[in-house]
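Tertiary structure, described
Each chain is listed here by its residues.
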Amino acid sequence: MMSINDNLFLGAFLGLIIPPIVVYLLAISVNQELFDYSSTYFENICLMGIGINAGVMWLVLNKLKKDKIGRGILIVNFAYVIAFITYFYI
């Protein structure tokens, strides 16, 4: 069985790549006119990316018992939440 090193930078890397991948996959899966019609669609898929990142963090912390990886994902997730609030509400 392969062992995963418990590393804060690995968690930060995972936390950085998961939400943009989710947003990209959801953005290309719909008709592009939806972005013109509904201004909240992009906001909702960004929030879903942050939520999925939080779910991955929960799985890493509770199922894999990798605390440092979970901390790295958590730090990046806080940064994404601050960026989300700044971009959409300020």
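Residues numbered from 1 in each chain as written. Predicted model: local features only at pLDDT ≥ 70, side-chain atom pairs only at ≥ 80, totals over all residues. Heavy atoms only, no water.

**Looking at the packing of helix α1 (residues 8-28) against helix α3 (residues 40-62)**
Here is the rule we go by: Axis definition: a line fitted to C-alpha atoms, over the contacting stretch in the case of helices. Angles run 0 to 180 degrees between N-to-C directions. Runs of E in the DSSP output that reach at least two residues are strands. Runs of H or I that reach at least four are helices, and both are numbered from the N terminus. In this scheme, roughly parallel covers angles under 35 degrees and roughly antiparallel covers those over 145, while 65 to 115 is roughly perpendicular and the rest are oblique. Two helices that cross are described as forming a left-handed crossing if the nearer one is turned anticlockwise from the farther one by less than a right angle, and a right-handed crossing if clockwise. Pairs of residues are marked as contacts when any of their non-hydrogen atoms sit within 4.5 Å. Asp, Glu, Lys and Arg are counted as charged, while Ala, Val, Leu, Ile, Met, Phe, Trp, Tyr, Cys and Pro are counted as nonpolar; the rest, among them Gly, fall into the polar class.
Remark: α1 packs on α3, axes separated minimally by 8 Å, with the N-to-C direction vectors making an angle of 140°. Viewed along their axes, α1 and α3 adopt a mutual orientation that is oblique. Two packed elements cross with a definite hand, and for α1 against α3 that hand is right-handed. Judged by residue contacts, Leu14, Gly15, Ile18, Pro19, Val22, Val23, Leu26 and Ala27 of α1 engage Tyr41, Phe42, Ile45, Cys46, Met48, Gly49, Ile52, Asn53 and Val56 from α3. For the contact of α1 with α3, a count of residues per class yields 14 nonpolar, three polar and no charged.

**Side note on the side chain of Glu43**
This is how the line gets drawn: The buried label applies to any residue whose accessible area, calculated with a 1.4 Å probe on protein chains only, is under 20% of its type's maximum; exposed applies above 50%, and partly exposed to all values in between. For the purpose of counting charges, residues Lys and Arg are taken to be positive, whereas Asp and Glu are taken to be negative. His and the chain ends are not included. Salt bridges are counted wherever a side-chain nitrogen of Lys or Arg sits within 4 Å of a carboxyl oxygen of Asp or Glu.
Position of Glu43 relative to the elements: it lies in helix α3. Salt bridges are absent for the buried Glu43, whose nearest opposite-charge side chain, Arg71, sits at 30 Å. Look past the residues within four positions of Glu43 in its chain and what remains in contact with it is Phe84, Phe88 and Tyr89.

**Quick word on the side chain of Lys66**
Counting through the fold element by element, Lys66 comes out in the loop between α3 and α4 (67-89). Although buried, Lys66 forms no salt bridge, and the nearest oppositely charged side chain, Asp6, lies 6.0 Å from it. Here Lys66 is in contact with Ile4, Asp6, Val60 and Leu61, once residues within four sequence places are set aside.

**A closer look at the environment of Thr86**
Where we set the bar: Two N or O atoms form a polar contact when they lie within 3.5 Å of each other; inside protein one atom must be a possible hydrogen donor and the other a possible acceptor, and for residues adjacent in sequence the pair counts only when both atoms belong to side chains.
By the element assignment, Thr86 lies in helix α4. A relative accessible area of 42% means that Thr86 is categorised as partly exposed. Of note is the side chain of Thr86, whose polar atom sits 2.7 Å from the backbone oxygen of Ile82.

**Examining the environment of Ala79**
For Ala79, the position within the fold is in helix α4. Along the chain, Ala79 and Asn5 lie 74 residues apart, while their C-alpha atoms are 24 Å from each other.

**Some details on the layout of surface pockets**
Quick reminder of the rule: Cavities and pockets are found on a 1 Å grid laid over the protein atoms alone: a cavity is a set of points where a 1.4 Å probe fits but cannot escape, a pocket is an open set with protein on both sides within 12 Å along at least five of seven lines, and a lining residue has an atom within 4 Å of such a point. Grid points are joined across faces, edges and corners, and a volume is the space filled by probe spheres set on the points.
What the largest pocket holds in volume is close to 170 Å³. For the largest pocket, the full set of lining residues is Pro19, Pro20, Val23, Phe42, Cys46, Ile50, Tyr80, Ala83, Phe84, Tyr87 and Phe88. For the lining of the largest pocket, the secondary-structure elements that each account for two or more residues are α1, α3 and α4. Examining the composition of the lining of the largest pocket, we find that five residues originate from one element, α4, more than from any other.

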